[in-house]
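# Observations on the model geometry
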Amino acid sequence: MAKPDDILTPTRKGLYCPPGDFFIDPVSAVDRAVVTHGHADHARAGHGAVLATTETIAIMAARYGGGFTASRQPAAYGETTRINGVDVTLIPAGHVLGSAQVVVERAGKRLIASGDYKRRRDPTCAPFEAMPCDVFITEATFGLPVFRHPDDRGEIGKLLTSVRRFPERAHLVGAYALGKAQRIIRLIREAGYDEAIYIHGAMQKLCDLYRDFGVDLGPLAPATLSDGAGAKNDFAGRIVIGPPSAFADKWARRFPDPVPCFASGWMRVRARAKQRGAELPLILSDHADWDELTETVRDMEPRELWITHGREDALMRWATLAGVKARPLSLVGYEDEND
Amino acid sequence: MKDFAALLERLVLTPSRNAKIRLLAEYFAATPDPDRGYALAAITRDLDIRSVKPAMLRSLVHERIDAELFEISYDYVGDLAETISLIWPARPGPNRPPALGEVIETLNAAARADGPRLMAGWLDAMDAGERWALIKLVTGGLRIGVSARLAKTALAEFGGAPVTDIEEMWHALAIPYTELFAWLEGRGEKPDATSPGYFRPVMLACPLEEKDLDALDLCAVAIEWKWDGIRVQATSEAGVRRLYSRNGDDIGAAFPDVIEALDFEGVIDGELLVYDPDATPFAVRPFSELQKRLNRKSVDRKLLQSCPAFVRAYDALSLDGEDLRASPFSERRRRLEVFASRRPLARIDLSPTLDFEDKDALAAARAAPPDDAIEGVMLKRLASSYVPGRPKGEWWKWKREPFLIDAVLMYAQRGHGKRSSFYSDYTFGVWTDEGALTPVGKAYFGFTDEELKRIDKFVRENTTDRFGPVRQVVAEPGDGLVFEVAFEGLNASPRHKSGVAMRFPRINRIRWDKPPGEADRLEALKRLLQG
Ligand SMILES: [Zn+2]
Ligand SMILES: [Zn+2]
């Protein structure tokens, strides 16, 4: 019998499968990559071949241009591809559009690398699928019992209440350009808000892409100034969405007395929100919170739990208490600050 | 409790003063009695609530959470109340979150032994935001960047009433302020402010600028020394004796020696100072001696003897039942002199008025005053009536040291050598027009070892963030620590975010008494640059 370590092993470039000779989410260029989802720290340009969902391939092409890899291998959820005798299947991870867990099977062993995931409902992507396995490799971005994301509707409610309360101010929502932004727009629509939402230029392409995949985002308009006096007030009472990095720019100064809102799981901790300068923190995350992480381990019933990027020590402690065999992988190169 | 928690959350993160006022006013409008009154008292820190020890909360949480998981989390979050509020595993069940008033009334009526059971029940019924508010409330750690003055301004806005009316009646009101809200909503009579001993909002001076000096007519102003103590209002009416700070905080409990001497009928405005009990002639001691007596709930006999306090009077707001505030300064001063000459009082004397031939003589006296306890001169228009706030063109202060500013401590860093276990290097800032603090300098000397220990303690207890050896401390208009910083000069510096760089800055004095909101503004510093 093969040992799980012989099938997947942590390297400096990422998780490596020696018999299949491929990497999962490699952080530097490799010959063959399996990519879980389109976030920049997981999906990099320059690999020889990329196996990913159709949506993720499209996202990578939109971000990096058509030549991001020599060979594209789009796969549907549930479709199995054999790579050098190793079966690779992508199943939904519920993180962003096209996000997948990678099911790696060989010699009767099944290992699942979660990539990034969440368990709660997301109207912009397929829901996480749980599958029993020998090894479950989980992310641990919010692997501390203080992280319990509240209900999405409540957070969107906070935003819309504030928009009504401060009709002369613009609400500037900082959200990661891939996934978070579209999910928020969709949630705002579900809450009954149907006015135009203004978006930063960096988000246009990805919003278009989501639409092409059938996600209805309602009326969007560019967050640029029209000419002439008083243009600043064009955005009074409006919702503007931009990447958090744009908040420090001149870009943010064009809005009337903006209310900075950041949408992120980190907003749960007041000091973080304050440090970010968020006046209205929105606790919205595309990652599993503590309860989702521990529930998922129970759902997947792995013989072994491997923990990758994030806060490993608390999850390790939990595993010990729960009698789950676990080990930290200490993979490097993945950022968690964007969520 | 839910609305109160939401209000606090929003206030903590809102930098703009106007937006804070708006949030408060809306809360008052939307929240019924008695909750809004209790919330108001919590914010102005007038609330009396049975306190709960952090150790008790820790043991509650340890009953439900693995100690190691808790420690890992606490280490990450850095704040005990926040960690507990976030980590608390609520038990699903028929829990009803309590109203704010219910929490306060229940806790105050309960036996101490019932505390843990009550707290656990409430924490179970609440969400994380409410739990945070509850824990901050009962552990006395409510720091939300709102001063009592700002809360009163919001009340004024909410009820369309002058804020001075509210300040005047404040000490006559009882928590939860139902009478006040009824009046503000037009449903009730104006509460009787004039219960004996009420606080009169104080009149403040503007810093004297070059152009003011040019325009000044020496014959139209009264000139006094600017004493280096703290501004107080000593009140004695119908047997009620009070000593108020300039914010209206009653500090009488720490100054029984002064209270005992308020054997008159009236309201005196003056400087609280301490004198040397062994010196003849009478000698005022420097501010650092007075500091020993500040921020105390009570005082022991030893300190009363070694640091006796007195009031150096410079104004009378009321005497023998007659309100003098509408009278010109010259008349108030005359009445004050008559009052002082009638019968000497043990702990009250008169701040002398000064005469100068011309402005040069005035400038020379200001630069070299005859006493260490003098920090400059005060100029008051003889015709000025007593107007609360900081009216323009009435009173001026002209400090002795040309380069002295009040700045707010923002970051502290560990020192080197024998000070390596203390946070002894300080970065301080002043307020920008947008109401934010911008750092303007760094200093690591100018204080005694004793003071260093106290600042170090402040830093540790008020840390809001850490970056390596540096701690960020609480620095909000209503909360934080003010340094009086002395420096030799100011250079324009595009390298610094503030645009200015100080030469040889040092801590001149630690203003434990001063709310950061009253520290200097960047604008004032930039004016120095031009001058
Ligand atoms: Zn991701
Ligand atoms: Zn990730």
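Residues numbered from 1 in each chain as written. Chains lettered and ligands numbered in written order. Predicted model: local features only at pLDDT ≥ 70, side-chain atom pairs only at ≥ 80, totals over all residues. Heavy atoms only, no water.

### Points about the domain arrangement of chain A
Residues and elements named next belong to chain A. For clarity, the cut-off: Where each domain starts and ends follows an automatic or database-derived domain assignment. Contacts were defined at the residue level, with two residues in contact if any of their heavy atoms lie within 4.5 Å. Accessible area that two parts lose when put together, evaluated with a 1.4 Å probe and summed over both, is termed the buried area. Should a side-chain nitrogen of Lys or Arg be within 4 Å of a carboxyl oxygen of Asp or Glu, the pair is scored as a salt bridge. The nonpolar class holds Ala, Val, Leu, Ile, Met, Phe, Trp, Tyr, Cys and Pro. Asp, Glu, Lys and Arg form the charged class, and all remaining residues, Gly among them, are polar.
Each domain of chain A was delimited in the assignment, giving domain 1 (4-146 + 287-328) and domain 2 (152-282). The gap between the C-alpha centroids of domain 1 and domain 2 is 30 Å. Facing 21 residues of domain 1, the contacting portion of domain 2 comprises 18 residues. Taken over both partners, the interface formed by domain 1 and domain 2 buries close to 1700 Å², and the fraction arising from carbon and sulfur atoms is 69%. Our count for the contact surface shared by domain 1 and domain 2 stands at one salt bridge. Here Arg121 and Glu190 are joined by a salt bridge, their closest N and O atoms 2.6 Å apart. Here the residues of the side of domain 1 that touches domain 2 are counted per class, giving nine nonpolar, five polar and seven charged.

### So, the sheet that holds strand 2 (residues 221-227) of chain B
All names here are of chain B. For the record, the criterion: Think of it this way: DSSP has to see at least two bridges between two strands before they count as a pair. Numbered from the N terminus, helices here are DSSP runs of H or I no shorter than four residues, and strands are runs of E no shorter than two. Where helices are involved, their axes are fitted lines through C-alpha atoms of the stretch in contact, as for all axes, and angles between N-to-C directions lie from 0 to 180°.
Pairing is mixed across the open sheet formed by five strands, whose spatial order is 1-11-10-2-9. Only two strands of the sheet have a single neighbouring strand rather than two, namely strand 1 (206-207) and strand 9 (353-354). As judged from the two bridges shared by strand 1 and strand 11 (residues 395-399), these two strands associate in the parallel manner. Looking at strand 11, one finds that Cys206 is bridged to Trp396. On top of the sheet, helix 17 (residues 329-342) reaches strand 2, strand 9, strand 10 (374-381) and strand 11; it is set at about 60° to strand 2, its chief contact. Strands strand 2, strand 10 and strand 11 of the sheet are contacted by helix 18 (residues 359-367), whose axis makes an angle of about 60° with strand 11.

### Side note on the domain arrangement of chain B
Often, the extent of an interface is quoted as the loss of accessible area upon association of its parts. On domain assignment, one finds that chain B holds domain 1 (2-139), domain 2 (206-399) and domain 3 (403-530). A straight line from the C-alpha centre of domain 1 of chain B to that of domain 2 of chain B covers 41 Å.

### Some details on the packing of helix 4 (residues 54-62) of chain B against helix 5 (residues 67-77) of chain B
Residue and element names in this part refer to chain B. For clarity, the threshold we go by: In these notes the angle categories are as follows: under 35 degrees is roughly parallel, over 145 is roughly antiparallel, 65 to 115 is roughly perpendicular, and the rest is oblique.
One way to put it is that helix 4 packs onto helix 5 with a least axis distance of 10 Å and a crossing angle of 125°. Between helix 4 and helix 5, the angle falls in the class oblique. In contact with Arg58, Val61 and His62 of helix 4, helix 5 contributes Ala67, Phe70, Glu71 and Tyr74. Here the residues of the contact of helix 4 with helix 5 sort into four nonpolar, one polar and two charged.

### Re the pattern of salt bridges
Put simply, the rule reads: The classification of residues rests on relative accessible area computed with a 1.4 Å probe and restricted to protein chains. Under 20% of the type maximum is buried, over 50% is exposed, and intermediate values are partly exposed.
Following the criterion strictly, the structure yields 70 salt bridges over all chains and no others. Arg169(A) is the partner of Asp257(A) in a salt bridge, and the nearest nitrogen-oxygen pair spans 3.3 Å. Of the two residues, Asp257(A) sits in the loop between strand 15 (239-242) and strand 16 (259-263) while Arg169(A) sits in the loop between helix 3 (152-165) and strand 12 (171-174), which places them 88 residues apart along the sequence. A relative accessible area of 3% places Arg169(A) in the buried class. Note that Lys2(B) and Asp127(B) form a salt bridge whose closest N and O atoms lie 2.7 Å from each other. Remark: Asp127(B) occurs in the loop between helix 8 (115-125) and helix 9 (128-139) and Lys2(B) occurs in helix 1 (residues 2-13); sequence separation between them is 125 residues. Given the relative accessible area of 32%, Asp127(B) is considered partly exposed. Three or more residues joined by partner-sharing salt bridges are found here, namely Lys226(B), Asp228(B), Glu375(B), Lys399(B), Glu484(B) and Arg509(B).

### Thoughts on the coordination of the zinc ion (ligand 1)
Residues and elements named next belong to chain A. The condition that has to hold: Water is not among the atoms examined, so metal sites may look incomplete; donors are the N, O and S atoms within 2.8 Å of the metal, or within 3.2 Å for Na, K and Ca. By the criteria applied here, four donors are tetrahedral when all angles lie between 85 and 135 degrees, four are square planar and six octahedral when opposite donors are over 155 degrees apart and every other angle lies between 65 and 115, and any other arrangement is irregular.
Donor atoms from the polypeptide that coordinate the zinc ion (ligand 1) comprise His37 (NE2), His39 (ND1), His95 (NE2) and Asp116 (OD), at 2.1 to 2.3 Å from the metal. One can describe the donor arrangement at the zinc ion (ligand 1) as irregular, given that its four donor atoms subtend angles of 90 to 167° at the metal. In the primary sequence, the donor residues of the zinc ion (ligand 1) line up as H-x1-H-x55-H-x20-D. Separating the zinc ion (ligand 1) from the zinc ion (ligand 2) is a distance of 4.0 Å, and Asp116 supplies a donor atom to each of them. With His39 in the loop between strand 4 (32-34) and strand 5 (47-53) and His95 in the loop between strand 8 (86-92) and strand 9 (100-106), this pair connects stretches of sequence that are 56 residues apart. His95 shares its class with His39; the two are buried.

### A look at helix 6 (residues 80-87) of chain B
Residue and element names in this part refer to chain B. The condition is simple: Distance and chemistry together define a polar contact, namely a pair of N or O atoms within 3.5 Å, with one atom able to donate a hydrogen and the other to accept it when in protein, and with adjacent residues in sequence counting only for side-chain atoms on both sides.
Among the eight residues of helix 6, eight are classified as buried, and the element is accordingly described as predominantly covered. Taken together, the buried positions of helix 6 are Leu80, Ala81, Glu82, Thr83, Ile84, Ser85, Leu86 and Ile87. If you check the start of helix 6, you find a side-chain oxygen 3.2 Å away from the backbone N of Ala81, and it comes from Asp79.

### Concerning the sheet that holds strand 15 of chain A
In a beta sheet, neighbouring strands pair by backbone hydrogen bonds and run either parallel or antiparallel. All names here are of chain A. Here we have six strands laid out as an open sheet, ordered 14-13-15-12-16-17, and parallel in their pairing. Whereas interior strands pair on both sides, the edge strands pair on one side only; in this sheet they are strand 14 (220-222) and strand 17 (280-282). Recorded for the sheet is a direction-independent mean angle of 30° between the axes of neighbouring strands. Two strands pair when backbone bridges link them, and strand 13 (residues 197-199) and strand 14 are joined in this way by three bridges, in the parallel orientation.

### Considering the environment of Ala110(B)
Inspection of the secondary structure puts Ala110(B) in the loop between helix 7 (100-109) and helix 8. Residue classification places Ala110(B) among the buried residues on the basis of a relative accessible area of 14%.

### Re the nonpolar core
The condition is simple: Here, nonpolar core means buried Ala, Val, Leu, Ile, Met, Phe, Trp, Tyr and Cys residues that are tied together by side-chain atoms lying within 4.5 Å of each other.
In terms of nonpolar packing, the biggest core is built from 122 residues, with Phe4(B) and Leu180(B) touching the most fellow members. Once residues within four sequence positions are removed from consideration, Leu180(B) is found in contact with Leu40(B), Leu155(B), Met169(B), Trp170(B), Leu173(B) and Pro191(B). Grouped together as the second largest cluster of nonpolar side chains are 35 residues, Leu217(A), Leu220(A), Ile239(A) and Val259(A) included.

### A look at the pairing of strand 13 (residues 423-431) of chain B
Residues and elements named next belong to chain B. Most of strand 13 is tucked away, with nine of its nine residues classed as buried. Both strand 13 and strand 14 (residues 437-443) contribute to a ladder of six bridges, which runs antiparallel. Looking at strand 14, one finds that Phe428 is bridged to Gly441.

### Concerning the packing of aromatic side chains
Any two aromatic rings considered together are summarised by their centre-to-centre distance and by the angle between their planes. Defined as follows: Two rings from Phe, Tyr or Trp (for Trp, the six-membered ring) form a pair when their centres are within 6.5 Å of each other. A pair whose planes differ by under 30 degrees is stacked, one over 60 is edge-to-face, and the rest are tilted. Throughout this description, the term charge over a ring refers to an Arg CZ or Lys NZ atom that lies within 6 Å of the ring centre and within 35 degrees of the ring normal.
Throughout the structure, instances matching the rule amount to 26 aromatic pairs over all chains. Residues Phe147(A) and Trp266(A) carry aromatic rings whose centres are separated by 5.4 Å and whose planes lie at 85° to one another, so their mutual orientation is edge-to-face. Remark: Trp266(A) occurs in the loop between strand 16 and helix 6 (270-276) and Phe147(A) occurs in the loop between strand 11 (135-140) and helix 3; sequence separation between them is 119 residues. Under the relative-accessibility criterion, Phe147(A) is labelled buried at 0%. Sitting above the plane of the Trp132(B) ring, Arg270(A) keeps its charged end 3.7 Å from the centroid. Looking at Arg272(A), its charged tip hangs above the ring of Trp266(A), at a distance of 4.7 Å from the centre.

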